[in-house]
Amino acid sequence: MAQHSTHPGGAARVRRRALLGTAVLAVLVALAGLAAYLTREGRSPSDTAAPPPSSPTASSSPAAPSGPHTRPRALPVPPKTHDPITYGKAAAAALWSYDTRAYSQPELRKALRGWLTTESKYADPASVDQAVPSAVLWREMAANKQVATAKINEGHFPHAFTQALQDDPGAITQAYVYAVTVSGKQSIRWKGSPAGGAESRSTTLAVQCRPDHPCALVGVMPSVAP
């Protein structure tokens, strides 16, 4: 949903996001060798392997509204947790949910940026911004009172990440950044369509959980890692 700009400042923003993305990837490379997995040709969300039996149990965001007259949903607020999988599941639900009746596109974008780590050398705000509908699309959706909710099925550490931590447990102690893959379903409803529609979603997030501080989002990875 991101828009491309020909304005000179647009190129600078693209370069900055590339640098931030590289920083995030560098952290994960150091921890898990995950970059090779994410850049493998042909990988897509549908390729994600089934979660192992030990994966956390299912959870979901508040139930989808039944129509345009239901109570609007509040902006997403990050949970206070030291569990990266719990935080990753909550972050995915926040990224897949919105309520055009309740707030504006800039308000949602600002709220989601509030989930990011305050350590700027790791935070990738551009990857979070891309999860928010563009301003033009938001106006169209708002005219139809469109609402999206998320049901989270499971979250887990990608295999490459857990293997690397087993090989070098101390590698995590520099940045405390974890890779978390989350899968679920996004349901969308709008005025005149109480049934709406739904689609499966999967994403891999980078989550920072330092021992002395609650978890925070680092960014959204460009591909899904099983």
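Residues numbered from 1 in each chain as written. Predicted model: local features only at pLDDT ≥ 70, side-chain atom pairs only at ≥ 80, totals over all residues. Heavy atoms only, no water.

**A short note on the overall build of the chain**
Inference 1: Scanning the chain from terminus to terminus reveals seven helices and six strands.
Inference 2: What you see in the chain, going N to C, is helices and strands ordered as α-α-β-α-β-α-α-α-β-α-β-β-β.
Inference 3: Partitioning the contacts of the chain with sequence separation of at least 6, the portion at a separation of at least 24 is 76%.
Inference 4: Working note: accessible area of the chain is about 11,800 Å², and carbon and sulfur atoms make up 55% of it. (Helix = DSSP H or I, 4+ residues; strand = E, 2+ residues; numbered from the N terminus. Contact = heavy atoms within 4.5 Å. Areas by Shrake-Rupley, 256 points an atom, 1.4 Å probe, with all protein chains shown as cover.)

**Description of unusual backbone geometry**
Inference 1: The backbone phi angle of Lys145 is positive, close to 55°, even though this residue is not glycine.
Inference 2: With respect to the helices and strands, the residue Lys145 is situated in the loop between α6 (135-143) and β3 (147-156).
Inference 3: Its relative accessible area of 38% is what places Lys145 among the partly exposed residues.
Inference 4: In the Ramachandran plot, Tyr176 falls in the positive-phi region, its phi being about 55° despite a non-glycine side chain.
Inference 5: Turning to its location among the elements, Tyr176 is positioned in the loop between α7 (159-167) and β4 (177-190). (Buried < 20%, exposed > 50% of the residue type's maximum accessible area, 1.4 Å probe, protein only.)

**Comments concerning the packing of aromatic side chains**
Inference 1: Taken as a whole and assessed by the stated rule, the structure comprises six aromatic pairs.
Inference 2: Consider the rings of Tyr98 and Trp138, whose centres lie 5.9 Å apart with planes at 55°: the pair is tilted. Of the two residues, Tyr98 is situated in strand β2 (residues 98-99) and Trp138 in helix α6; the sequence distance between them amounts to 40 residues. There is no split in this pair, since Tyr98 and Trp138 are both buried.
Inference 3: Ring centres of Phe157 and Phe161 lie 5.6 Å apart, and the angle between their planes is 40°; on these two criteria the pair is classed as tilted.
Inference 4: For Phe161, a relative accessible area of 0% corresponds to the buried category.
Inference 5: Grouping aromatic residues by their ring pairs yields a cluster made of Tyr98, Tyr103 and Trp138. (Phe/Tyr/Trp six-rings, centres within 6.5 Å; stacked < 30°, edge-to-face > 60°.)

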